[in-house]
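Here's the letter readout for the chains.
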Amino acid sequence: MAWSTPITAAANSTFLASQWNTGVRDNLAMTAPAISTTNGWLICSSATNVISERQVVQSILDTSATTSSVTFVTLGTGPAVTVTTGNGALCFHSANVSCATNNSALYGPSIDGDTPPTGRCILIDGDGVTTRDDRIGVTNGFLTLSDGAHTFTLQARVTGGGPATVINRRIIAMAL
Amino acid sequence: MAWTTPMTAVENSLLTAAQFNVHVRNNLLETEAARATTGNTPGPGTGATARVWGTEGPNRSAEHYVKDHNVDTLETTSEDEVYTDLATPGPLVTVITAYGFLIMANCQLGTNTVNNAQASYEIYESDALGNPPDVEDGYFSSPANSGRAIEMDGAWPNGSAASSLNRYGVVQVWAAVPIKGLYTVKMKYKCTNNDAVASFAQRRLQVMAL
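Everything numeric here is computed off the predicted structure, so don't read it as measured data. (Residues numbered from 1 in each chain as written. Chains lettered and ligands numbered in written order. Predicted model: local features only at pLDDT ≥ 70, side-chain atom pairs only at ≥ 80, totals over all residues.)

**Q** When you look at the overall build of chain B in this model, what are you seeing that I'm missing?
**A** Each helix and strand in chain B was counted, giving 2 helices and 11 strands. Here chain B has a C-alpha radius of gyration of 23 Å; the compact-globule value for 210 residues is 17 Å, and the former is much larger. If one aligns the C-alpha atoms of chain B with their principal axes, the spans along those axes are about 85 × 35 × 25 Å. The buried share of chain B, taken over its 210 residues, is 44%. Counting contacts in chain B only where the partners sit at least 6 residues apart, residues at least 24 apart contribute 75% of the total. (Helix = DSSP H or I, 4+ residues; strand = E, 2+ residues; numbered from the N terminus. Rg over C-alpha atoms; globule rule 2.2 N^0.38 Å. Buried ≥ 20, exposed ≤ 12 C-beta atoms within 10 Å, placed from the backbone. Contact = placed C-beta atoms within 7 Å.)

Written as C-alpha cells, this is what we have:
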C-alpha cells in the first residue's frame, strides 16, 4: 500500500471503482487511525507520505550494583529496552550514582552493544572522603539510526579505583 | 488546505464532484500521511531530524521536529553577571513551532572554587540558520536564566576545574511562543563569582517542538 494523490472529481464524469479504491480507500488505510494498533504510542513521519506508530518504553532496575571495571560493563540487566525506530530515538536515563574513591563513575546507554562515549553518560566525581550518591538524569538524542529494532542498555565503569555504585536505575527510549 | 467536517450523506441524493473534492479529497490531503516529509530541516544542529505528529490548533495536525546538537570541547568562563557564549557557542537547535518546546539539556560542569557553574538556555525568534533578526528589538526572545539552569556547586568534590566536572541534565517544557515560526534554543553559561573559573564540557541539547 502506498499513498497516492487523491483524485479530483469532475462534474458529470464517471467515477470508477478502481479510482475509489486507489484514491480514497488505499489512502484512508495510510492514515493514523488506520495504522494505529496500540494505546500510548506516538505517530511519526518515517518517509515521504508514510507515517508509523512508535513506542515509548521504560525499564526499571531498582537493585544496587557495583563495579570497579575501567571498561563499560552491564550490571544485571542494565536495565535495557528495545524499540523499533525510524531514523531516531530519544533515550532518557537516571540513577543514583556514586564513586567511593577519588575517581569518576560513568553510567550511560550503549546502543546495540557499542561503547558509550563520556558525553552520553551520567558522570559523578568521587573525592575519596565522602561518598555521595546523587540522583541524576541525562537525555541523549540518537537521530541517525537505521530503521529497525535497537536496544539501549545502561552500562557503568570507573576511571580508576572505584567501586562505582548505581541504584534506582531507569531507562526510557522514545522511538521516533 | 483546511479540514472540513465531513458531510452526511442523504438517501437518494447525488454526491456532487464539488462535495467529493471538499469532503473527501481535501480532508485526505489534511491527514498526516498526505503531509509526512523527510529530508533536512532548517538551522544548526545535526542535519538529522525526526518528526513526531502533534496537534496545531482545531482540526489541524503538524509535524513536530526533534533535533539535537552537541559541543564536546571543554571551555570556560568567569562571567558572573549575564549568561554568555563560550568560545564555541551553543549547542543550538532551530525548529519550527506554533506553541513551544520540550527542551533537554545536559553537560559536565564545575568550578575551581566554592562558587557555582550554571548552564542555561535562551530562546529567540531566528532565521533558518539560528541567527536572530537583524534588528535591535521587536522580535521574540527569552533570555537564559537560573531558574531553568543546570547548576553544579564547585565546592564538591575537590575544586579542580579540570577534574571535577560532574554531568547533570534538565528536562523542561517551554511554551507560549507568540506566533508560528522559526525559533532557536541556545545554551548559555555563567559563573556565580568572577574570581572563579567555570568549566563546561560534552554539552548536549535536544529539542522537540510541541
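Still more ground to cover, so stick around.
**Q** What am I meant to see in the domain arrangement of chain B here?
**A** Think of interface size as the accessible area that goes away when the parts come together; that is how it is often given. In terms of domain boundaries, chain B breaks down into domain 1 (1–30) and domain 2 (39–209). Placing the centre of domain 1 of chain B and that of domain 2 of chain B at their C-alpha centroids yields a distance of 46 Å. (Domains from an automatic or database assignment.)

**Q** Help me understand the pairing of strand 8 (residues 150–153) of chain B in this model?
**A** A regular strand places its side chains on the two faces of the sheet in alternate fashion. All names here are of chain B. The alternating pattern of strand 8 places Ile150 and Met152 on a buried face, while none of Glu151 and Asp153, on the opposite face, is buried. Relative to strand 8, strand 6 (residues 116–125) runs antiparallel, the two being bridged by 4 bridges. Within the sheet, the bridge partner assigned to asparagine 116 lies in strand 8 and is aspartate 153. (Pairing = 2+ DSSP bridges.)

**Q** Hey, could you run me through the interface of chain B and chain A in this one?
**A** Taken together, the contact pairs 42 residues of chain B with 43 residues of chain A. Mapped onto the side of chain B that touches chain A, the elements with two or more residues apiece are helix 1 (17–28), helix 2 (32–35), strand 1 (50–55), strand 2 (61–71), strand 5 (100–111), strand 9 (166–175) and strand 11 (198–209) of chain B. No other element matches helix 1 of chain B, which puts 6 residues into the side of chain B that touches chain A. Of the residues contributing to the side of chain B that touches chain A, the split by class is 17 nonpolar, 16 polar and 9 charged. (Nonpolar A, V, L, I, M, F, W, Y, C, P; charged D, E, K, R; others polar.)

**Q** What am I meant to see in the confidence of the model for chain B here?
**A** For any part of a model where pLDDT is low, the fine detail of the predicted coordinates should not be relied upon. Residues and elements named next belong to chain B. Counting all residues, the mean pLDDT for chain B is 89, and 92% of those residues have values of 70 or more. Scored below 50 in pLDDT, residues 158–162 makes 12 contacts in the model with residues more than four places away or belonging to other chains. Here the predicted complex scores 0.89 on pTM and 0.84 on ipTM. (pLDDT = per-residue confidence, 0-100.)

**Q** Got a minute to help me understand the nonpolar core in this structure?
**A** A general feature of soluble globular proteins is that nonpolar side chains tend to end up buried together. One finds A:Tyr107 and A:Ala173 to be the most contacted residues of the largest nonpolar core, which totals 79 residues. Setting aside its immediate chain neighbours within four residues, A:Tyr107 contacts A:Ala95, A:Val97, A:Cys121, A:Ile122, A:Leu154, A:Ala156 and A:Val166. (Core = buried A, V, L, I, M, F, W, Y, C linked by C-beta atoms within 7 Å.)

**Q** What is the right way to look at unusual backbone geometry in this model?
**A** For residues besides glycine, phi is generally negative; the peptide bonds are generally trans as well. Here A:Gly78 and A:Pro79 are connected by a cis peptide whose omega angle stands at 5 degrees. Tracing the sequence through the fold places A:Pro79 in the loop between strand 4 (65–67) and strand 5 (80–85). In the Ramachandran plot, B:Asn12 falls in the positive-phi region, its phi being about 65 degrees despite a non-glycine side chain. As for its placement among the helices and strands, B:Asn12 is situated in the segment before helix 1.

**Q** What is the right way to read the domain arrangement of chain A from this model?
**A** The assigned domain composition of chain A is domain 1 (17–53) and domain 2 (55–175). The C-alpha centroid of domain 2 of chain A is placed 36 Å from the C-alpha centroid of domain 1 of chain A.

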